[in-house]
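Residue-level structural notes
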Amino acid sequence: MKTYLEEYKRKLITAEEAARLVKSNSIIEYGMFATKPVDFDIALSKRAGTDLQNVAIRATGSILPVPEVIKNDPEQKTFQYFSWYFTALDRKAGDFGLVTHNPFNYHEATMIAYDYHFSHLWPDVWVAQVTPMDEHGCFNFGIANSHNRGMALNAKLTIVEVNENLPRCLGGNEEFVHISEVDYIIEGSNSPVFTLPPAPEPNPAERRIAELIVEEIPDGACLQLGIGAMPNLIGTMIADSDLKDLGIQSEMFCDSFVKMYEKGKITNTKKAYDRYKSAYTFCLGTQETYDFLNNNPLAASFPVFHTNAPHRIARHDNFISINNIVEIDLLSQICSETSGLRQISGTGGQLDFVIGAFHSKNGKSFLAFTSTYTDKEGKLHSRIKPLLTPGSVVTVPRTIVHYVVTEYGKANLKGLSVWGRAEALINIAHPDFRDDLVKAAKEMKIWSKTNRIPF
Ligand SMILES: CC(=O)SCCNC(=O)CCNC(=O)[C@H](O)C(C)(C)COP(=O)(O)OP(=O)(O)OC[C@H]1O[C@@H](n2cnc3c(N)ncnc32)[C@H](O)[C@@H]1OP(=O)(O)O
Ligand SMILES: CCCC(=O)O
């Protein structure tokens, strides 16, 4: 069998040598979430304030440690940092004007990476952490399949940073880049892979929301759980339920899926395709979850178009999608990604799954949220508001929204009148805010004089 050692040695360079390849006026795409390059980032950041100018770094969900290109260049003399999806780190840096958001519907990332119409967005340099090369010359993308292969193939320069600690996640497809497709290899310092802390115990409101959703899930359902604390907590309660024969097609592989496996809930036998395997495009979770995915044929990573394109989601019957939001207004417009002009996260895959689940036979999408939010000054706010906070963007338009759930109940908003939506929402708002919401609905002239007609 051919060995790739000669080619490997030829392509091996240091992080500093790799950083010197970056030219002014270029776009660098970093690996997403926990596959962000570490050593390359440190080396590149040392070029801040030199003759290197006008370099855009594009990431997807930045995780700790803080990217050195941000930290070492606070005046942005050389680098400007962009993110397709904001994490806590991105929003903190964003508050200081150090990160700019690039909105996308997540399934379209595959098109952006491959379709020539988007070649103006293709990176000059693509660099991400990967697993060590296998005997076939392949570097595995680990916990981030996403849009990596397309970007790696279409970048002018493709650089991998090897980290022995990354789990090797089986595909699916597009889970690797071959040494023949790579320009340079960095052997990184094998830093620990970023992990999330284990989920806290659900509070009573979250427990109630989970109960209201779990009773809507049939045996054999195909599940998607979104990002953030709430969907994962609901997943934990699904693991403790009587449900059986569940399947997974989720953009993110969540910690609670491991619990479902441990309780024998997941068989993936009822799915329309990818039977017997849980399909996902990236993972962000605990070390236990990464260990579960390592070399595990029960799960398969795919490019994001495969997991998220709404028409593909809809091919599974009984698709159940569960995501969290920031706020909703009485017109039933959902904002899940900003607070006014402050970018909190991103559309990510939320719209993909709300559309896809609705089009699945007997499918349902749930946007689940606690009825109130406590701000940093300790003031309580209703998440159901007369109008979205000025500047907030609509993540899910009112025509698309399906079920919404708080600890006070759930409402299927599809097809309801403008009045019917406002009423349904006020019914699941926190009782302390209901009178004010009715008053606002009257002022907005979306309140019916009579409630004789029930929608
Ligand atoms: C991944 C998949 O499988 S697919 C689809 C999933 N993708 C999506 O749903 C994208 C949109 N959704 C999201 O990004 C998340 O679910 C969120 C942002 C809605 C919730 O995520 P969480 O991490 O649980 O949010 P959390 O409660 O920590 O709040 C995040 C931030 O928003 C702020 N925030 C939350 N709600 C509000 C609100 N109503 N008003 C103002 N700020 C708010 C919080 O204060 C926090 O900011 P901070 O970091 O400065 O303290
Ligand atoms: C990268 C997108 C993450 C999400 O959809 O939540």
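Residues numbered from 1 in each chain as written. Chains lettered and ligands numbered in written order. Predicted model: local features only at pLDDT ≥ 70, side-chain atom pairs only at ≥ 80, totals over all residues. Heavy atoms only, no water.

By the naming in an unreviewed UniProt entry, the protein chain goes by Probable butyrate:acetyl-CoA coenzyme A-transferase and is assigned to Thermosyntropha lipolytica DSM 11003. In the Subcellular location (unreviewed entry) part of its UniProt record, the protein chain is described as follows: "Cytoplasm". In its Function (unreviewed entry) section, the UniProt entry covering the protein chain states "Coenzyme A-transferase that converts butyrate to butyryl-CoA." (UniProt positions renumbered as here; feature names shortened; annotations may be inferred.)

1. A look at the site of ligand 2
Every residue lining ligand 2 is accounted for by Thr60, Tyr85, Tyr106, Ile227, Glu251, Gly348 and Gly349. Within the side chain of Glu251, an N or O atom sits 2.3 Å from an oxygen atom of ligand 2. With respect to ligand 2, the backbone of Gly349 contributes an N or O atom lying 2.7 Å from an oxygen atom. Residues that form the shell around ligand 2 fall into these classes: three nonpolar, three polar and one charged. Here the shell around ligand 2 gathers at least three residues from each of two domains, domain 1 (5-187) and domain 2 (204-443). (Near = heavy atom within 4 Å. Polar contact = N/O pair within 3.5 Å; in protein donor to acceptor, adjacent residues only side chain to side chain. Nonpolar A, V, L, I, M, F, W, Y, C, P; charged D, E, K, R; others polar. Domains from an automatic or database assignment.)

2. With respect to the site of ligand 1
Ligand 1 sits among 28 residues. The nearest are Tyr85, Arg91, Glu251, Ser345 and Gln350. Between Val326 and ligand 1, the recorded distance is 3.3 Å, taken from a backbone N or O atom to a nitrogen atom. Between ligand 1 and Lys376, the relevant distance is 3.1 Å, taken from an oxygen atom to a side-chain nitrogen or oxygen of the residue. With the chains in place, 82% of the 1000 Å² that ligand 1 exposes on its own is no longer accessible. Put simply, the parts of the chain that give the shell around ligand 1 at least two residues each are α5 (88-95), β10 (222-225), β11 (247-253) and β14 (319-324). Considering each element in turn, the shell around ligand 1 owes the most residues, three residues, to β11. Class assignment of the residues belonging to the shell around ligand 1 gives a composition of nine nonpolar, 13 polar and six charged. Of the domains in this structure, domain 1 (5-187) and domain 2 (204-443) are the two that each give at least three residues to the shell around ligand 1. (Areas by Shrake-Rupley, 256 points an atom, 1.4 Å probe, with all protein chains shown as cover. Helix = DSSP H or I, 4+ residues; strand = E, 2+ residues; numbered from the N terminus.)

3. A few points about the UniProt feature "binding site: CoA" (unreviewed entry) in the protein chain
As annotated in UniProt, the feature "binding site: CoA" (unreviewed entry) corresponds to Gly226, Ile227, Gly228, Ala229, Met230, Val326 and Gly349 in the numbering used here. For Gly226, the residues in contact, after removing those within four places along its chain, are Pro231, Met252, Cys254, Ile322 and Asn323. With respect to the helices and strands, Gly349 occurs in the loop between β18 (342-343) and α14 (350-359). Residues contacting Gly349, with those up to four places away along its chain left out, are Tyr106, Glu251 and Asn308. (Contact = heavy atoms within 4.5 Å.)

4. As for the sheet that holds strand β4 (residues 99-101)
Judged by pairing direction, the sheet is parallel, and its seven strands sit side by side in the order β4-β3-β2-β1-β5-β7-β9 without closing on themselves. Of all strands in the sheet, those bounded by a partner on one side alone are β4 and β9 (184-187). Averaged over all pairs of adjacent strands, the angle between their axes in this sheet comes to 25 degrees, without regard to strand direction. Of the strand pairs in this sheet, strand β3 (residues 79-83) and β4 are connected by three bridges, and their pairing is parallel. Pairing of Phe82 across the sheet is with Thr100, part of β4. (Pairing = 2+ DSSP bridges. Axes fitted to C-alpha atoms, helices over the stretch in contact; angles between N-to-C directions.)

5. Remarks on the sheet that holds strand β13 (residues 299-301)
What the eight strands build is an open sheet, ordered β13-β12-β11-β10-β14-β19-β23-β24; its pairing is mixed. Each edge of the sheet is formed by a strand with only one pairing partner; in this case those strands are β13 and β24 (409-412). Each strand axis lies, on average, 20 degrees off the axis of its neighbour in the sheet, ignoring direction. Alignment of strand β23 (residues 403-406) against β24, held across four bridges, turns out to be antiparallel. Looking at β24, one finds that Thr406 is bridged to Gly409. Across the sheet, helix α8 (residues 204-214) is in contact with β14, β19 (364-368), β23 and β24; its angle to β23 comes to roughly 145 degrees.

6. Some remarks on the pairing of β10
Burial along β10 is two-sided: Cys222 and Gln224 facing one way and Leu223 and Leu225 facing the other are all buried. Pairing between β10 and β14: four bridges, direction parallel. Counterpart to Cys222 in the pairing with β14 is Phe319. Judged from the two bridges that link them, β10 and β11 form a sheet pairing that is parallel. (Buried < 20%, exposed > 50% of the residue type's maximum accessible area, 1.4 Å probe, protein only.)

7. A word on the pairing of β19
Among the five residues that make up β19, five are buried, leaving the element largely enclosed by the rest of the structure. Inspection of the sheet shows β14 paired to β19 by five bridges, in the parallel sense. Residue pairing for β19: Ser321 is matched across the bridge by Ser365. Both β19 and β23 contribute to a ladder of three bridges, which runs parallel. In the strand pairing of β23, Ala368 is matched with Val405.

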